[in-house]
Amino acid sequence: MNCYVESGIHILNDTTKDLENLNELGIYLARETNVDALKSLKLIVLASETKLLEKSFDINHVKTYTDPFENSIYKRNETVFGNLAVNPQNFGLELADYILHNYKVDLGIEPFTSGYTIFDFFARSFARIEYDEDSFYKRYDMIDKKLDMVSYMLDYELLDNSQTDLLLTCFDRCIQNKYHYTKEQLLKMKEM
């Protein structure tokens, strides 16, 4: 194995020796936009596949938080894939794509008590690309990768009927509004 990878795994094992597992660290790193944090997460994912880590790591682990908001408390659920799917960093999206291709991912986790799933936020980001509140605001540089991910989800039947309907609704909105999508991207949306 590459000496840099072995050295990285050794450092990772030393750094995380006080953690019971790596799940919460993975979830934390997946929400970061710093490329070095995301590279650390990729190292955890790759090392977990080779069984070289001393701590357990579950790619589908759900961390539930309760956060006060105004006069109420709401529940927030985070997963590695869920955080990566809405991470506006290109490297984060590439890692989400890798996980999607190599793990069984639950796209139905609800990050918030809003009733929307991880997939809902991912799909809606296509139609919300011109809304400055969206984490993918004007991130046209990520569209081809996101379309590839959607194509993979459809090809391997990872979406249920309601998720497919939502996707088609979002794509229809994009096709009608065009925004700054390329002709090729709009054509891909129509073909799907």
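Structure's up top.
Notes on the structure in this doc start here. A quick note: this is a predicted structure, and the numbers were derived from the prediction, not measured.

So, on to the overall build of the protein. Counting secondary structure elements, the protein contains 9 helices and 2 strands. Start at the N end of the protein and walk to the C end: the helices and strands fall as α-α-α-β-β-α-α-α-α-α-α. Pairs at least 24 residues apart make up 62% of the contacts formed inside the protein by residues separated by at least 6 positions. Here the protein has roughly 10,900 Å² of accessible surface; of this, 48% comes from carbon and sulfur atoms.

Quick look at the packing of helix 8 (residues 161-177) against helix 9 (residues 183-191) now. Following both chains from N to C, one finds helix 8 and helix 9 inclined at 140 degrees, their axes separated by 9 Å at the closest point. In the crossing of helix 8 with helix 9, the sense of the turn from one axis to the other is left-handed. Only Leu186, Met189 and Lys190 of helix 9 make contact with helix 8, whose side of the interface consists of Phe171, Cys174 and Ile175. Per-class residue counts for the contact of helix 8 with helix 9 are 5 nonpolar, no polar and 1 charged.

Checked against the element boundaries, Asn87 lands in the loop between helix 4 (80-85) and helix 5 (90-102). A relative accessible area of 2% places Asn87 in the buried class. In this structure the side chain of Asn87 is engaged in a polar contact, spanning 2.9 Å, whose partner is the backbone oxygen of Ala30. The contacts of Asn87, once residues within four sequence positions are left out, are Ala30, Arg31, Glu32, Thr33, Leu38, Phe136 and Met142.

So, on to the packing of aromatic side chains. As enumerated under the stated definition, the model contains 6 aromatic pairs in all. Judged by centre distance (6.1 Å) and plane angle (85 degrees), the ring pair of Phe122 and Phe126 falls under edge-to-face. Placement of the pair is Phe122 and Phe126 together in helix 6 (residues 118-127), with a separation of 4 residues, close to one helical turn. Residue Phe122 shares its accessibility class with Phe126, and that shared class is buried. Aromatic pair Phe126 and Phe171: ring centres 5.2 Å apart, planes at 85 degrees, arrangement edge-to-face. In this pair, Phe126 sits in helix 6 while Phe171 sits in helix 8, placing the two residues 45 residues apart along the sequence. Take Phe126: its relative accessible area is 0%, and that puts it in the buried class. On the basis of relative accessibility, which here comes to 1%, the residue Phe171 falls in the buried class. A network of ring pairs unites the aromatic residues Phe122, Phe126 and Phe171 as a single cluster. Seen from the ring of Tyr65, Lys63 lies directly overhead, with NZ or CZ sitting 5.3 Å from the centre.

This brings us to the packing of helix 6 against helix 8. Viewed as axis vectors pointing N to C, helix 6 and helix 8 meet at an angle of 15 degrees, and their least axial separation amounts to 8 Å. Of the possible angle classes, the one that applies to helix 6 and helix 8 is roughly parallel. In the crossing of helix 6 with helix 8, the sense of the turn from one axis to the other is right-handed. Each of Phe119, Asp120, Ala123, Arg124, Phe126 and Ala127 in helix 6 lies in contact with helix 8, whose residues at this interface are Gln163, Leu166, Leu167, Cys170, Phe171, Arg173 and Cys174. Residue classes in the contact of helix 6 with helix 8 are distributed as 9 nonpolar, 1 polar and 3 charged.

Moving on to unusual backbone geometry. A positive phi is found at Lys138, a non-glycine position, where the angle reads about 55 degrees. Tracing the sequence through the fold places Lys138 in the loop between helix 6 and helix 7 (143-155). Under the relative-accessibility criterion, Lys138 is labelled partly exposed at 43%. The backbone phi angle of Tyr179 is positive, close to 45 degrees, even though this residue is not glycine. Position of Tyr179 among the secondary structure elements: in the loop between helix 8 and helix 9. Given the relative accessible area of 23%, Tyr179 is considered partly exposed.

Reading the values: rules and limits
Residue positions are given per chain, counting from 1 as you read along its sequence in written order. Local features in this predicted model are restricted to residues of pLDDT 70 or higher, and side-chain atom pairs are both shown and tallied only at a pLDDT of 80 or more, whereas totals for entire chains, interfaces and linings draw on every residue. Side-chain metrics in this entry use all non-hydrogen atoms of the structure; hydrogen atoms and water are not considered. Secondary structure elements are defined from DSSP: runs of H or I of at least 4 residues count as helices, runs of E of at least 2 residues count as strands, and each element is numbered from the N terminus. Pairs of residues are marked as contacts when any of their non-hydrogen atoms sit within 4.5 Å. Areas reported here follow the Shrake-Rupley algorithm with a probe of radius 1.4 Å; residue values treat only the protein chains shown as occluding. Lines fitted to C-alpha atoms define the axes here, with helix axes fitted over just the stretch in contact, and angles between the N-to-C directions of these axes take values from 0 to 180 degrees. The handedness criterion is simple: a crossing whose near helix is rotated anticlockwise from the far helix by less than a right angle is left-handed, and one whose near helix is rotated clockwise is right-handed. Lys, Arg, Asp and Glu make up the charged group, whereas Ala, Val, Leu, Ile, Met, Phe, Trp, Tyr, Cys and Pro make up the nonpolar group; the residues left over, Gly among them, are polar. Buried means the residue's accessible area, taken with a 1.4 Å probe over protein chains only, is under 20% of the maximum for its type, while exposed means over 50%, and partly exposed covers the values in between. Any N or O atom pair separated by 3.5 Å or less is treated as a polar contact, with the protein-specific requirement of one donor-capable and one acceptor-capable atom, and with residues adjacent in sequence counted only for side-chain atom pairs. Put simply, two rings from Phe, Tyr or Trp (the six-membered ring, in Trp's case) pair if the centres are within 6.5 Å, and we call them stacked under 30 degrees between planes, edge-to-face over 60, tilted for the rest. Definition used: whenever NZ (Lys) or CZ (Arg) falls within 6 Å of the ring centre and also within 35 degrees of the ring normal, the charge is taken to sit over that ring. Oblique is the label for any angle not covered by the other classes, which are roughly parallel (under 35 degrees), roughly antiparallel (over 145) and roughly perpendicular (65 to 115).

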